[in-house]
Structures are given as C-alpha cells and as structure tokens.
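Inside the fold
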Amino acid sequence: MKNVKERLNGVCAKQVTFDLKDGKIYNVSFYGGCNGNLKAISKLIDGMDAVKVVEILEGNICDFKPTSCADQLAKILKGVL
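First, a word on what this report is: a plain description of the structure on this page. (Residues numbered from 1 in each chain as written. Predicted model: local features only at pLDDT ≥ 70, side-chain atom pairs only at ≥ 80, totals over all residues. Heavy atoms only, no water.)

A few words on the pattern of salt bridges. In this structure the tally under the stated criterion is 2 salt bridges. Residues lysine 78 and glutamate 58 are paired through a salt bridge, measuring 3.1 Å at the closest nitrogen-oxygen approach. Of this pair, lysine 78 sits in helix H3 (residues 69-80) while glutamate 58 sits in the loop between helix H2 (50-57) and H3, and the two are 20 residues apart along the sequence. Taking relative accessible area as the criterion, glutamate 58 reaches 35% and is therefore assigned partly exposed. In this structure, lysine 75 and aspartate 71 form a salt bridge, with 3.3 Å as the shortest nitrogen-oxygen distance. With a gap of 4 residues between them, lysine 75 and aspartate 71 both fall in helix H3, about one helical turn apart. The exposure class of aspartate 71 is buried, given its relative accessible area of 3%. (Salt bridge = Lys/Arg side-chain N within 4 Å of Asp/Glu carboxyl O. Helix = DSSP H or I, 4+ residues; strand = E, 2+ residues; numbered from the N terminus. Buried < 20%, exposed > 50% of the residue type's maximum accessible area, 1.4 Å probe, protein only.)

What follows concerns the sheet that holds strand S1 (residues 2-7). Think of a sheet as strands paired side by side through backbone hydrogen bonds, with each pair either parallel or antiparallel. Across the sheet, 3 strands lie side by side as S1-S2-S3; this open sheet has antiparallel pairing. At either margin of the open sheet sits one strand with a lone partner, and together these are S1 and strand S3 (24-31). Shown here is a sheet whose adjacent strand axes are inclined to one another by a mean of 15°, direction ignored. Two strands pair when backbone bridges link them, and strand S2 (residues 15-21) and S3 are joined in this way by 6 bridges, in the antiparallel orientation. Bridged to glutamine 15 within S3 is tyrosine 31. The sheet strands contacting H3 are S1, S2 and S3, and the helix crosses S2 at an angle near 45°. (Pairing = 2+ DSSP bridges. Axes fitted to C-alpha atoms, helices over the stretch in contact; angles between N-to-C directions. Contact = heavy atoms within 4.5 Å.)

Below, the discussion takes up H3. An α-helical turn contains 3.6 residues, so a residue and the one three or four places further along point in the same direction. The terminal C-alpha atoms of H3 lie 17 Å apart, and with 12 residues this matches the ideal 16 Å at 1.5 Å per residue to within 8%. Buried residues of H3: Cys69, Ala70, Asp71, Gln72, Leu73, Ala74, Ile76 and Leu77, and no others. (Expected span 1.5 Å × (residues − 1).)

Shown next, in the form of structure tokens:
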C-alpha cells in the first residue's frame, strides 16, 4: 500500500491524503476546503479504481477558479499512477 500526502494549489483545501492499493484509492482525506462536499467525494470514491477516479474528477473547476479540490486530487493521483 502506498500512502500519499500532497499539498493542493489554487483551491481552499490545503492538503489531501490517501492510500493507493492494487490500483484502488482508499481513505481520502482533505485538510480545509468545503468540508461536507469533500467528505462526500471521499466516501463516493473509496475503493474505486484510481484510473476511473481520474477520468471522473479531472477537469472539474470550482466557481471562477481554473481548478478544484477534486481536479487537484485527480492531478495528484494521475502523477502517482
């Protein structure tokens, strides 16, 4: 199992942590940001194939920003894969 802890850029959340095991993502946790929404995303993707998570979340933006917490997670996950 690989434990990942990364800082986020350009979004309200400051950091994300998650575990990657056998190509699946687990235990996603954001520090800061929109607490309820980020907890919901974490629950929805827990145990999901990491490549599928990237496909779903990559490119999502937040309001006027060119990125979002979900997009940042996808970029980090893509880099780890």
